[in-house]
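Single-letter residue listing:
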Protein chains: 2
Amino acid sequence: MSPRIDEQNQQIRDARKQQLLEAGAKVFGERGYAGTKVSDIVREAQLSHGLIYHYFASKEDIYIELARTAFTTSYETIRQVVENGGSPYERLKELTEGIFAHTAGSGYFFLIALQTNTSKTVPEEAAAISKEYSGQNLQLLEQLFREGQKQGEFIHADPFKQALMYSSMLNGVIFTRLTYSELEDFPQVDQILRIFTHAREEE
Amino acid sequence: MSPRIDEQNQQIRDARKQQLLEAGAKVFGERGYAGTKVSDIVREAQLSHGLIYHYFASKEDIYIELARTAFTTSYETIRQVVENGGSPYERLKELTEGIFAHTAGSGYFFLIALQTNTSKTVPEEAAAISKEYSGQNLQLLEQLFREGQKQGEFIHADPFKQALMYSSMLNGVIFTRLTYSELEDFPQVDQILRIFTHAREEE
DNA sequence: GTCTATAAAAGGATAGAC
DNA sequence: GTCTATCCTTTTATAGAC
């Protein structure tokens, strides 16, 4: 086989796989792992039913790959912002706005991460990945709150609980916004962050 | 058939149905509608597989009944507190504490309500019930925020968005707490409500 | 590489005995 | 009223032709 053809085939393979992953992200995000049928994915991807098994070993495998992408990206995003310059409050604000901006369009990866974290019906390997990264994310946030408290920007409270409160709130709000996507100026980031800062009248 | 026997049978029937509903609440709450098998429910209820169909027409039917219970109870709870005496802030605080207390134990009905609201895979009838009640709940909250703003307790912002923010946050936090149930003093209700009130240094 | 047809497995629902 | 065994539909996965 000529390398010319080889390369072309590889491109096709990559394109198809990508197509299936994107379709999978959408339907898994919308319907959950158990609620998604293989036929849902291939319909969304506009490919034949059998073809999916040339690219993935099983329905589980697609989900695991998507979950891995979701967690590695979110971890990298958080790490970058948290390890950035700026005061703790500035970094927290930048992180929050970044996450909202990032999930404004589709939010499918957010939904996959969330359900992988919380559902008891996702593939075991995905749950393992989730557990690992969620802990790391919380640690990054905890550290940020600890710094902010030391510098006097944030109110004093168990930094771990503050990190937990922050991510809970974020989950709830993003989730809501996905169903009320027509709303403008929702949520107000400054308003949310008031939970963690000292009293100051709204400017 | 003697009325004596009739009555006894009725009691058995009621007990079994209750048993199945409780088991259903647990597994549907934990695993979602699509992720739950009829066999999961009967195993949890410790009854035989076939028996469930003497009490419910289908898996869908059990879920619908549970969803209805979840929504009617939550609506009644909110309505009672909101229409109570006390200042808007006091009522909001009472409501929040009540919901946390109520979901501290199991939270299965909370989870069922949440997924009925958001999942695309629940039975159609359940989704319809959800839509109806969610709107009503939001209206009650919106009214509470409107009053609180008029009386000067709450910051000024679109009352509908504030209601949405409140319920989003509550969802996120309750959800988190269900996985971190060993945490004491989480969440701090006063801290959450700071989002909606005017600045005042934490007491 | 892609498709259609088919096998294999899982899960919801029913039948009939006790 | 309750159980076990069975049916039947849905869904995952594979085979084989193009």
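As the structure is a computational prediction, the values presented were derived from the model and not from experiment.

Rules used in this analysis
- Residues numbered from 1 in each chain as written.
- Chains lettered and ligands numbered in written order.
- Predicted model: local features only at pLDDT ≥ 70, side-chain atom pairs only at ≥ 80, totals over all residues.
- Heavy atoms only, no water.
- Core = buried A, V, L, I, M, F, W, Y, C linked by side-chain atoms within 4.5 Å.
- Buried < 20%, exposed > 50% of the residue type's maximum accessible area, 1.4 Å probe, protein only.
- Contact = heavy atoms within 4.5 Å.
- Near = heavy atom within 4 Å.
- Polar contact = N/O pair within 3.5 Å; in protein donor to acceptor, adjacent residues only side chain to side chain.
- Helix = DSSP H or I, 4+ residues; strand = E, 2+ residues; numbered from the N terminus.
- Nonpolar A, V, L, I, M, F, W, Y, C, P; charged D, E, K, R; others polar.
- UniProt positions renumbered as here; feature names shortened; annotations may be inferred.
- Least-squares fit on C-alpha atoms with pLDDT ≥ 70 in both.
- Buried area = accessible area lost by both parts, 1.4 Å probe.
- Salt bridge = Lys/Arg side-chain N within 4 Å of Asp/Glu carboxyl O.

Trainee: I'd like to hear about the nonpolar core, residue by residue, with values.
Mentor: Counting 121 residues, the largest nonpolar core has Tyr166 and Phe196 of chain A together with Tyr166 and Phe196 of chain B as the members making the most contacts within it. Once you skip the residues sitting within four places of it in the chain, Phe196 of chain A turns out to touch Leu92, Phe145, Glu153, Phe154, Ile155, Gln162, Met165 and Tyr166 of chain A together with Gln191 of chain B.

Trainee: With reference to specific residues and values, describe the protein's contact with DNA strand D.
Mentor: In the vicinity of DNA strand D, 17 residues are found, and the nearest of them are Val38 and Tyr53 of chain A together with Arg16, His54 and Tyr55 of chain B. A share of 67% is what sugar and phosphate atoms reach among the atoms of DNA strand D within 4 Å of the protein. Between Thr36 of chain A and DNA strand D, the recorded distance is 3.4 Å, taken from a backbone N or O atom to a phosphate oxygen. Between DNA strand D and the protein, one listed contact pairs a phosphate oxygen with a side-chain N or O atom of Ser48 of chain B at 3.0 Å. Looking at which element gives the most residues to the surface near DNA strand D, the answer is helix H1 (residues 3-35) of chain B, with three residues. Here the residues of the surface near DNA strand D are counted per class, giving five nonpolar, eight polar and four charged.

Trainee: Let's hear about helix H5 (residues 108-118) of chain A: which residues, and what values?
Mentor: Where H5 of chain A is concerned, the buried positions are Phe110, Leu111, Ile112, Ala113, Leu114, Gln115 and Thr116 of chain A. Lining the buried residues of H5 of chain A we find helix H1 (3-35), helix H3 (59-82), helix H4 (88-104), helix H6 (124-150) and helix H7 (159-179) of chain A.

Trainee: Can you lay out the UniProt feature "DNA-binding region" (unreviewed entry) in chain A for me, pointing to particular residues and giving the numbers?
Mentor: Mapped onto this numbering, the UniProt entry gives "DNA-binding region" (unreviewed entry) at residues 37-56 of chain A. Taken end to end, residues 37-56 of chain A comprises 40% helix and 0% strand; its first and last C-alpha atoms sit 14 Å apart.

Trainee: Explain the relation of the copies chain B and chain A residue by residue, including any values.
Mentor: At an RMSD of 0.1 Å, chain B and chain A line up after a rotation of 180° and a shift of 0.0 Å along the axis. Those values place the two copies in the arrangement expected of a two-fold rotation axis. Relative to the rotation axis, the C-alpha of Gly172 of chain B is the closest in chain B, positioned 2.1 Å from it.

Trainee: Describe the interface of chain B and chain A, and please don't skip the residues or the numbers.
Mentor: The partner chain A presents 38 residues to the 38 residues of chain B that form the contact. Here chain B meets chain A over a buried area of about 3400 Å², counting both sides, of which 63% is carbon and sulfur. For the pair chain B and chain A, the number of links is two salt bridges. The salt bridge partner of Lys120 of chain B is Glu30 of chain A, with a shortest N-O separation of 3.6 Å.

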